[in-house]
Amino acid sequence: MSRQAAASPARISRASRHDAQIIIGMTLLLTVMGLVMVLSASGVSTRSSPYRLLTTQAVAAGLGVAAMLVLSRFPVRVLRKLSWPAFLLTLVLLVLVLTPLGVEVNGARRWLGLGPVTFQPSELAKFTSVLWSAHIVDAKRRLLHDWNHLAIPYLVGNGLFIALVLLEKDLGTAAVLMLITLATLFIAGVELRKLLVVLGGVSVVVIIAALISRTAWCA
């Protein structure tokens, strides 16, 4: 019995490493496929060098991969401690976009200008949503059957992210955040009926947002 008990953590550790390798491999594959698609699209639409946009995206992808590898070395307890500060910081940045600090481009206010630096907080929201959502569902893993614990703070927190991004007229990023919300609950093993209710609510939000976006575009 003691040998089995001692071997169990080792098997779990090997399985975790295997899962991590699969996730990293899929991430790298999708990144390469994305770069190929950028080259394919920009090669015929760019008046200047067909590799200019590819180079920009490749640099960004390289920085992203480097950040992924660095974060993968962080202890889980450190990442969990960072989840709430990251959530609050991202929430503040998303709100600031809707203030005079926000920069409007082509009728959409999605960027935040701080001096010479301009960036898109909704992109940070994707990472923060994954980090924060994973922390919350793990902390409440034995209480996710209760709607109160499922809604607060999980659905409310992600709902704030989604609502602010929709106000920025960024339906694509909002859809990604919705998928993160659903996927995390699915992986956490939330009951199917609760997952279907959340899916139904998300679907209604997507349809309404798409109709509003289409109406604004036609106008």
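Coordinates for the structure precede this section.
These figures come from a predicted structure and were not determined experimentally.

Novice: Break down the pattern of salt bridges for me, citing the residues and quoting the values.
Specialist: The final tally for this structure, using the stated rule, is five salt bridges. Among the salt bridges present, the one from R80 reaches D138, with a minimum N-O distance of 2.4 Å. Here D138 lies in helix α4 (residues 121-139) and R80 lies in helix α3 (residues 76-97), a separation of 58 residues in the sequence. A relative accessible area of 28% means that R80 is categorised as partly exposed. Accessibility expressed as a relative area gives 30% for D138, which makes it partly exposed. The partner of R141 in a salt bridge is D138, with the nearest N and O atoms 3.5 Å apart.

Novice: Can you tell me about the side chain of H135, naming the residues and giving the values?
Specialist: Within the fold, H135 resides in helix α4. Dropping the residues within four chain positions of it, H135 is found in contact with R80, S83 and W84.

Novice: Can you break down the sheet that holds strand β2 (residues 108-114) residue by residue, with the values?
Specialist: Strand order across the open sheet formed by three strands is β1-β2-β3, with antiparallel pairing between neighbours. This sheet does not close on itself; its edge strands, each paired only once, are β1 (102-105) and β3 (117-119). Between one strand and the next, the sheet's axes are offset by a mean angle of 40 degrees, whatever the strand orientation. In this sheet, β2 lies alongside β1 in antiparallel orientation, the contact comprising four bridges. Its bridge partner being in β2, V105 is matched across the sheet by A108.

About the criteria used
Residues numbered from 1 in each chain as written. Predicted model: local features only at pLDDT ≥ 70, side-chain atom pairs only at ≥ 80, totals over all residues. Heavy atoms only, no water. Salt bridge = Lys/Arg side-chain N within 4 Å of Asp/Glu carboxyl O. Helix = DSSP H or I, 4+ residues; strand = E, 2+ residues; numbered from the N terminus. Buried < 20%, exposed > 50% of the residue type's maximum accessible area, 1.4 Å probe, protein only. Contact = heavy atoms within 4.5 Å. Pairing = 2+ DSSP bridges. Axes fitted to C-alpha atoms, helices over the stretch in contact; angles between N-to-C directions.

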